[in-house]
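Below, each chain spelled out in residue letters.
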Amino acid sequence: MITLNTRQKINKPKIRVGRGIGSGKGKTSGRGVKGQKSRSGVAIKSFEGGQMPLYRRLPKRGFNPISRENIAILNLEKIQSYIDKKNINPNEVLNSSSLKKLKLINKNSTKLKILGTGELKNKINIEADLASKSAIEKLEKIGGSIQLKK
């Protein structure tokens, strides 16, 4: 008894369009009759017949994640320059609400992060959400303190 090979063909032959009526893809080569889409060199990407296309109806989002938290960053050198300009009193506790009142950080920021670029001369108490290791080191070295909110 002979069994035929029933495996699916791996290499299917390419359909040759426009090769006669008997091929099933002859004459108009499966493009219908007349009209813009039957012509060569036509690509109508996202065209919706004059209706405002979907990509133009939706708002622009780009690289702005919706759920991003606005974290205000503040370097030690910036804090020192504010102290020198007499914007910040080094004897008071420095926190995000006091900085927002003085308009030194954006009012939309939800958290405050202290970074360690630059040097501080005055000792100061800071209340922040986040801080870098170098900032904590430098603050403790001059006798200041930083409380991190959990």
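Above: the structure in question.
Residues numbered from 1 in each chain as written. Predicted model: local features only at pLDDT ≥ 70, side-chain atom pairs only at ≥ 80, totals over all residues. Heavy atoms only, no water.

A. Structural context of helix α2 (residues 76–84). Buried within α2 are the following residues: Leu76, Ile79, Gln80, Tyr82 and Ile83. Projected down its long axis, α2 shows its buried positions confined to an angular sector of 160 degrees, all on one face. On its buried face, α2 sits against β1 (71–75), β2 (93–94), β3 (111–115), β4 (125–128) and α4 (133–141). Where α2 terminates, the next one or two residues include Lys86, which has phi positive at roughly 70 degrees. (Buried < 20%, exposed > 50% of the residue type's maximum accessible area, 1.4 Å probe, protein only. Helix = DSSP H or I, 4+ residues; strand = E, 2+ residues; numbered from the N terminus. Arc of directions from axis to C-beta. Contact = heavy atoms within 4.5 Å.)

B. Expanded view of the sheet that holds β3. The strand order β1-β3-β5 describes an open sheet built from three strands, whose pairing is parallel. Each having just a single partner strand, β1 and β5 (130–131) make up the two edges of the open sheet. As judged from the five bridges shared by β1 and β3, these two strands associate in the parallel manner. Among the inter-strand pairings, Ala72 is bridged to a residue of β3, identified as Leu112. (Pairing = 2+ DSSP bridges.)

C. Structural detail: the sheet that holds β4. Spatially, the three strands line up as an open sheet ordered β2-β4-β6, and their pairing is parallel. If you trace the sheet from one side to the other, it starts and ends with β2 and β6 (145–148), each paired once. Bridge count between β2 and β4: two bridges; the pairing is parallel. Note that in β4 the partner of Val93 across the bridge is Asn125.

D. How the structure looks around the nonpolar core. Judged by nonpolar contacts, the single largest core of 21 residues is most densely connected at Ile79, Ile114, Ile124 and Ile126. When residues of this core are traced back to their parent elements, those giving at least two are β1, α2, β3, β4 and α4. The element contributing the most residues to this core is α2, with four residues. When residues no more than four places from it in sequence are discounted, the contact partners of Ile114 are Leu74, Leu76, Ile79, Ile126, Ala128, Leu130, Ala131, Ser132, Ala135 and Ile146. (Core = buried A, V, L, I, M, F, W, Y, C linked by side-chain atoms within 4.5 Å.)

E. Structural context of the environment of Gln80. Tracing the sequence through the fold places Gln80 in helix α2. For the pair Gln80 and Ile124, spaced 44 residues apart in sequence, the C-alpha to C-alpha distance is 9.9 Å. Beyond its immediate stretch of four places on either side in the chain, Gln80 contacts Glu119, Leu120, Lys121 and Asn122.

F. Main features of the pattern of salt bridges. This model, assessed by the stated rule, comprises three salt bridges. Between Lys111 and Glu69 there is a salt bridge; the shortest N-O distance is 3.4 Å. Remark: Glu69 occurs in the loop between α1 (54–57) and β1 and Lys111 occurs in strand β3; sequence separation between them is 42 residues. Close ionic contact of Glu119 with Lys138 constitutes a salt bridge, the shortest N to O distance being 3.8 Å. With Glu119 in the loop between β3 and β4 and Lys138 in helix α4, this residue pair connects regions lying 19 residues apart in the sequence. For Glu119, a relative accessible area of 49% corresponds to the partly exposed category. (Salt bridge = Lys/Arg side-chain N within 4 Å of Asp/Glu carboxyl O.)

In short, geometric facts, not functional conclusions.
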